[in-house]
Amino acid sequence: MSVRVRYAPSPTGLQHIGGVRTALFNYFFARSEGGKFILRIEDTDQVRYSDESLQDLYDTFKWLGIEWDEGPDKGGDCGPYVQSERFEMYKEYAEKLVEEGKAYYCYCTPARLDKLREEQQKDKKSQQGYDRHCRDLTAEQRAEYENQGIKPVIRFKIPLDGMVVFHDELLGDVKRKTRDINPDPVLLKSDGFPTYHLANIIDDHHMNITHILRAQEWLPSGPLHILLYKAFEWEPPLYCHLPMVMGKDGQKLSKRHGSTSLRDFIAQGYLPEAIINYVSLIGWSYDDSREFFTKEELEELFTITKLNKAPGVFDYKKLDWFNGQYIRKLSDDELKAKIIPYLAEAGCLENPPAPGQSELINGLIPIVKERLKLLSDIVPMTAFLFQDISGYEAEELIPKKQDAASTKEILQLGRPLIEKVGELDDEQLEEAFKVLSEESGYKLGDLLAPLRVAVTGSRVSPPLFASIRLLGLDKAVRRIDLAINKL
RNA sequence: GUCUCCUUCGUCUAGUGGUUAGGACACCGGGUUUUCAUCCCGGCAACAGGGGUUCAACUCCCCUAGGAGAUGCCA
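Since we're looking at a predicted model, the values are computed, not measured.

Asker: Can you lay out a positive patch on the surface for me, pointing to particular residues and giving the numbers?
Answerer: A surface patch of positive charge is lined by K248, K317, R328 and K373. Position of R328 relative to the elements: it lies in helix α11 (residues 316-329).

Pasting the structure below:
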């Protein structure tokens, strides 16, 4: 049977790194096996559901360039691919389980459950979880609850004794005593919606899913799922629990570690190539040295056998490095197109840029390309071209071991040479400054540093002469004069 | 508390009984360079601990410790 895998997010928040990695691994696995990758929306949590999350899901994967073979927007033979549209089905299956004595109605109120949990918290030694209060209700007791108008949930009867074993492609055989499984989990909520466990099993079965690649946080519910497959007399799929993605402190990656939503990464100017490449290397590797992979290569090379069992820490710095690498691989035109929105948003230019602005960007790309880690870096890096920079402190102008007077002299000495920026090329200018350095006794660095600050407002900038050409000679000279007056 | 999973440089990892334990990021030095960055060269740095098995353990087994996850009418 050919491979069918799915990504089954619940639209209750923005797509985050962990989820995306799970999706990617599923996608790569499907492609590498010549199988199908399916998207299913698990919108059974009506309380936390949001349209924005759903839109974010589509936006994110469009940006990544990942397409599913079947899904709500694509169609397919196993639809609908949205759980809320399969509502009736879950109820029928849950009730079937009740009829067969494998599940039961539970009338316990949330208040009772809260109280129970509270008591168990106090007495840590007691068994945690539901106390199976309604597991063996008589018909009379049930009728009474019904008369009170209580809407029941349906709970699954976890066998009181026995052992569940299932095979994980990565972890091997996972064994668990049934008494260690969360006692009688809810299958159908009182609002008639299924819980994750129920809907997941039913859909995976009906969608002919062959492999479940999901994060290891799901491992504890594996035995429950196996039990459910058994209850329905269905063949369970093959499991593979992926190592989790952690923050620097070793805990599950979350917002307090930094950006986690793809939306944030996109806004900061990460490239999809970098994200895909980096994320694929958390918990997976190819060999002892190769680490650059395109999406297409991963579609071919990915394999479960190279997965790692241990959780991996998300390293923002390495992602940044990858991003810089991929920015440098962009053509000038590609980089230009990606950078314009950032400059436009900062108010530096219009989008699309006016003709003169377009020229300016063309000139700016080559000097900025090897300096960018994030696309958004373009704004602070080139702001001096678009904005007034006169706000810097006079102190900034003065190189180490120089003072205001000597710096003033340096600027006055350098000014005439700067005026030749239009006629001379970089090499000639440099030569001219070297000559000046010898004649004046000032070090080359001390000569150029004040000019750099005068022109760009900062000690760190793109190459000076190129920057001046982009800025315009007139403006540059005016800024130098302004600097001289500051001292 | 209970259950389960995990454990090689700070981080991501290679390694499947015999290796000077390899690579990358980060970090530190040096070179190129008008600053920064790029690029190049070099360095630092790891098999959690203890028992076995074996002629031989990072590799296999057990224990301990540490970490993580789960323990919901959330997924």
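Asker: Give a description of the pairing of strand β9 (residues 238-242) that names residues and reports values.
Answerer: Burial analysis of β9 places four of its five residues in the buried class, which makes it a mostly covered element. Where strand β8 (residues 211-215) lies against β9, five bridges are found, and the strand directions are parallel. Residue A215 lies in a different strand from β9, and its bridge partner there is L242. Handedness of the β8-helix α7 (residues 222-232)-β9 crossover: right-handed.

Asker: Which residues make up the packing of aromatic side chains, and what are the values?
Answerer: What characterises a pair of aromatic rings is the spacing of the ring centres plus the angle enclosed by the ring planes. For the structure on display, the rule yields 28 aromatic pairs. Seen from their ring centres, Y58 and W68 are 6.1 Å apart, and the 55° between their planes marks the pair as tilted. Separated by ten residues along the polypeptide, Y58 in helix α2 (residues 51-64) and W68 in the loop between α2 and α3 (87-99) bring together distant segments of the chain. When the centroid spacing of 5.4 Å and the interplanar angle of 85° are considered together, the rings of Y93 and F232 count as edge-to-face.

Asker: Give a description of the protein's contact with RNA strand B that names residues and reports values.
Answerer: Of all residues adjacent to RNA strand B, which total 67 residues, the nearest are G283, E370, R371, E430 and R452. Taking the atoms of RNA strand B that fall within 4 Å of the protein, sugar and phosphate contribute 73% of them. The separation between a sugar or linking oxygen of RNA strand B and a polar side-chain atom of D45 is 2.8 Å. Within the backbone of L281, one N or O atom sits 2.8 Å away from a sugar or linking oxygen of RNA strand B. Of all the secondary-structure elements, those providing two or more residues to the surface near RNA strand B are α4 (110-122), β4 (153-156), β11 (312-313), α11, α18 (444-456) and α19 (464-471). Here the surface near RNA strand B takes five residues from α11, the largest share from any one element. Residues belonging to the surface near RNA strand B are distributed by class as follows: 25 nonpolar, 16 polar and 26 charged.

Asker: Could you give an account of the sheet that holds β4, with specific residues and numbers?
Answerer: Pairing between sheet strands relies on hydrogen bonds along the backbone, with the strands arranged either parallel or antiparallel. The strand order β3-β4-β7 describes an open sheet built from three strands, whose pairing is antiparallel. With partners counted over all chains shown, the strands left at the sheet margins are β3 (103-106) and β7 (186-188), one partner each. For this sheet the average axis-to-axis angle between neighbouring strands, irrespective of direction, equals 45°.

Asker: I'd like a rundown of the environment of A394, residues and numbers included.
Answerer: You can see A394 is positioned in helix α15 (residues 394-397). Take A394: its relative accessible area is 24%, and that puts it in the partly exposed class. Spatially, the C-alpha atom of A394 lies 9.5 Å from that of V453, the residues being 59 residues apart in sequence. Residues in contact with A394, not counting those within four places in the same chain, are K486 and L487.

What counts as what
Residues numbered from 1 in each chain as written. Chains lettered and ligands numbered in written order. Predicted model: local features only at pLDDT ≥ 70, side-chain atom pairs only at ≥ 80, totals over all residues. Heavy atoms only, no water. Patch = residues over 30% accessible without salt bridge, like charges linked within 9 Å, V, L, I, M, F, W, Y side chains within 5 Å. Areas by Shrake-Rupley, 256 points an atom, 1.4 Å probe, with all protein chains shown as cover. Salt bridge = Lys/Arg side-chain N within 4 Å of Asp/Glu carboxyl O. Lys, Arg positive; Asp, Glu negative; His and termini not counted. Charge placed at Lys NZ, Arg CZ, Asp CG, Glu CD. Helix = DSSP H or I, 4+ residues; strand = E, 2+ residues; numbered from the N terminus. Buried < 20%, exposed > 50% of the residue type's maximum accessible area, 1.4 Å probe, protein only. Pairing = 2+ DSSP bridges. Right-handed = clockwise from strand over helix to strand, strands pointing away. Phe/Tyr/Trp six-rings, centres within 6.5 Å; stacked < 30°, edge-to-face > 60°. Near = heavy atom within 4 Å. Polar contact = N/O pair within 3.5 Å; in protein donor to acceptor, adjacent residues only side chain to side chain. Nonpolar A, V, L, I, M, F, W, Y, C, P; charged D, E, K, R; others polar. Axes fitted to C-alpha atoms, helices over the stretch in contact; angles between N-to-C directions. Contact = heavy atoms within 4.5 Å.

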